[in-house]
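What the coordinates show
So the chains spell out like this:
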Amino acid sequence: MARDDYLVMRDLIDQQIVTADNRSVARVADVEAAWQEDGRLVLIGLCVGPQALARRVSGRLGPIARFLLREKFEHVIPMEEITGVSLDLRLRQNAVHFSVGQADDWVVNHILRFIPGNGRQ
Amino acid sequence: MKKALSITLGIMTSIGGFLDAGTISTSAQAGASFGFGLIWALVLGTLAVALLVEMAGRLAAVSKQTYASAIRERFGFKFFLVPLVAEFIAETILLAAQLGGVAVSVSLVTGLDWRLLYPVAAIFIWLVVWCARFSVIENGPALLGLVVLSFIAGIITLGTPTRDLMSTLWHPTVEPGEPAGYFFLVAGILGSTISPYLLHFYSSGAREDKWDESYLTMNRITAIFGMGFGSISSIAVMILTAMALQPLHITVNTLGEMGIMMARPFSILGSILFAVTLFAVCTGAALEGLLSLSFMISQGLGWDWGLDERPAQAPRFYLVTLIILIIALIIGVIGGDPLKLALYGSALIALVLPIVLFPLLALMNDPSFLQDHTNHRLANVATAAIIIMASLVALVSMPLLFLSGG
């Protein structure tokens, strides 16, 4: 692997996540990693959600956000779903396949549906 | 051909961003109280905003990023919150003032109380955002351009300014006890001219039109002409109020009273012309401010955004526009006369300019975003100097004005 192919945190954290059907779903808030048996640290997934963002702002804010939101809006996207890292992080599948991709549907089906002319199919 | 069309983006941005309730209020107050004595601040603000708009366009063309997404990617989420909160506070106050401007303009024609029309104005703006495409909003400037000409026609009708008035251009008369007001208006003029939301709007438009490096010359021309055009209209307002109001020793205390500046050259027709101008200008500015703040939030959080999509294709973006509009409505209902909101909103923007614009200067000097199109040193120094000056003047004059009882 050439030196340029190594990802650095700057290429992941805060990057735009785009699904296969070109929906912008979120930006990376945090990463999830695990120690392997052989001592290597391996990235497992990308975290998105308000609690992960709250932890970024302040360590003390993390528990408060957790108490209020109770993991309801947190999502982890497994690393194997990512196909490319260029300007954006491209995902292998369409938005409906990801829990975070359904956030938009929730807003449409619970809030915008009451307003005429919303373009909902 | 497509490149030629993109100049409409600049003109549209400059009209929405330049001429708003803030500019009309600060320019008219400046003209009425100090004659031509504050034109220099407008010229200085124009220089800064032309430089900044060119930078925002260059950033979008070279890095393929809007300003907000570049801030988040370069500085991280925690830092992104700082300009976001600063802009959110200042710009929702200003949006409340624009909505007030729309309401006042309708009340000038219908005679209804503007407070009753205020919620109607908010619903009107929301309807435009909900239904219109970018292309519809792009057709507005033609109408606006004609309206701005009416200010210039007003100046010609009133004739040549007196020698006393001309001398205020280089030697403003500031009576004892007035310096706080004078410097407050300097801050207000700089804050309303250097509108940060303009940069979000412009860089978002550039992304929607898929600008690349071949647009850099076009971008430069657009920045100069667009901002120059906006600046001429603001200066015209200032000259007109100076000529129409200062000789009568009238100071304007509400947005509606400003109609006098058009009523003097054109009587009843002038009042209607003023109402139409106020309506067009405040509608444009309310749309641009609301959209820009929503762009900033959506781009920073990585959501779909844009006017070319139906609400169901960018739901979180449209939800944000709705929430911001409701907040502005509440501010406007408890905030009193739109003129006061516009003046304080503009001065507040001047105060936070370094917070919201230094990220741009940092990005413009970062080769990982701009490659070999980074800023010239002169542009850095000039922009930074004007921004810091605007903020310091706001910092000093705002408490002074409060102490002297506004």
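Residues numbered from 1 in each chain as written. Chains lettered and ligands numbered in written order. Predicted model: local features only at pLDDT ≥ 70, side-chain atom pairs only at ≥ 80, totals over all residues. Heavy atoms only, no water.

1. Regarding the overall build of chain B
Of the regular secondary structure elements, chain B holds 17 helices and zero strands. With respect to the principal axes defined by its C-alpha atoms, chain B has extents near 55 × 45 × 45 Å. Relative to its full complement of 406 residues, chain B shows a buried share of 60%. Counting contacts in chain B only where the partners sit at least 6 residues apart, residues at least 24 apart contribute 84% of the total. If you average the places of the 18 positive and of the 22 negative side-chain charges in chain B, the two averages end up 5 Å apart. (Helix = DSSP H or I, 4+ residues; strand = E, 2+ residues; numbered from the N terminus. Buried < 20%, exposed > 50% of the residue type's maximum accessible area, 1.4 Å probe, protein only. Contact = heavy atoms within 4.5 Å. Lys, Arg positive; Asp, Glu negative; His and termini not counted. Charge placed at Lys NZ, Arg CZ, Asp CG, Glu CD.)

2. As for the environment of B:L59
Residue and element names in this part refer to chain B. Residue placement: L59 occurs in helix α4 (residues 39–63). Note on L59: relative accessible area 0%, which makes it buried. Discounting residues that sit within four places of it in the chain, L59 has contacts with K64, Q65, T66, Y67, A70, L360, L363, M364, F369 and L370.

3. Section: a nonpolar patch on the surface
Residue and element names in this part refer to chain B. A surface patch of nonpolar side chains, about 530 Å² in accessible area, is lined by F358, I388, L392, L395, V396 and L400. Assignment of secondary structure puts L400 in helix α17 (residues 377–403). The exposure class of L400 is partly exposed, given its relative accessible area of 41%. (Patch = residues over 30% accessible without salt bridge, like charges linked within 9 Å, V, L, I, M, F, W, Y side chains within 5 Å. Areas by Shrake-Rupley, 256 points an atom, 1.4 Å probe, with all protein chains shown as cover. Salt bridge = Lys/Arg side-chain N within 4 Å of Asp/Glu carboxyl O.)

4. Comments concerning the pattern of salt bridges
Summed over all chains, the structure comprises 10 salt bridges over all chains. Between A:D14 and A:R56 there is a salt bridge; the shortest N-O distance is 2.8 Å. With a gap of 42 residues between them, A:D14 in the segment before β1 (16–18) and A:R56 in helix α1 (residues 50–57) connect regions that are remote in the sequence. A residue is classified by how much of its surface remains accessible, and A:D14, at 3% relative accessible area, is buried. The network of salt bridges with common partners includes A:D14, A:R56 and B:R72.

5. Re the side chain of B:N375
Residue and element names in this part refer to chain B. Along the chain, N375 falls in the loop between α16 (367–370) and α17. By relative accessible area, which is 9% here, N375 ends up buried. In terms of polar contacts, N375 uses its side chain to reach the side chain of R58, at 2.7 Å. Those residues within four positions of N375 in sequence are excluded, and the remaining contacts are M55, R58, L361, M364, N365 and N380. (Polar contact = N/O pair within 3.5 Å; in protein donor to acceptor, adjacent residues only side chain to side chain.)

6. With respect to empty space enclosed by the protein
All names here are of chain B. Considering all chains together, one arrives at one cavity of 30 Å³ or more under this definition. The volume enclosed by the largest cavity comes to roughly 40 Å³. Lining the largest cavity we find E91, L94, L95, Q98, Y197, A285 and G289. Here the lining of the largest cavity gets four residues from one element, more than from any other, and that element is helix α5 (residues 67–110). (1 Å grid on protein atoms, 1.4 Å probe; cavity = no way out; pocket = protein on both sides within 12 Å on 5 of 7 lines; lining within 4 Å. Points joined across faces, edges and corners; volume = space filled by probe spheres on them.)

7. A short note on the packing of α5(B) against helix α6 (residues 114–131) of chain B
All names here are of chain B. Running from N to C, α5 and α6 point in directions that differ by 120 degrees, and their axes come no closer than 8 Å. When the interaxial angle is binned, α5 and α6 end up oblique. Here the hand of the crossing between α5 and α6 comes out right-handed. Across from A96, L99, G100, V102, A103, V104, V106, S107 and T110 in α5, the residues of α6 making contact are W114, L117, Y118, A121, A122 and I125. (Axes fitted to C-alpha atoms, helices over the stretch in contact; angles between N-to-C directions. Parallel < 35°, antiparallel > 145°, perpendicular 65-115°, else oblique. Left-handed = near helix turned anticlockwise from the far one by under 90°.)

8. What to know about the packing of aromatic side chains
Residue and element names in this part refer to chain B. Scanning all chains against the criterion turns up 14 aromatic pairs over all chains. Residues W130 and Y318 carry aromatic rings whose centres are separated by 5.8 Å and whose planes lie at 85 degrees to one another, so their mutual orientation is edge-to-face. Residue W130 is located in helix α6, and its partner Y318 is located in helix α14 (residues 315–335); the two are separated by 188 residues in the primary sequence. Its relative accessible area of 2% is what places W130 among the buried residues. Between W211 and Y215, the ring centres sit 5.4 Å apart and the planes meet at 10 degrees, which makes this aromatic pair stacked. When sorted by exposure, W211 lands in the same class as Y215, which is buried. (Phe/Tyr/Trp six-rings, centres within 6.5 Å; stacked < 30°, edge-to-face > 60°.)

Without other data, these values stay purely geometric and don't point to any function.
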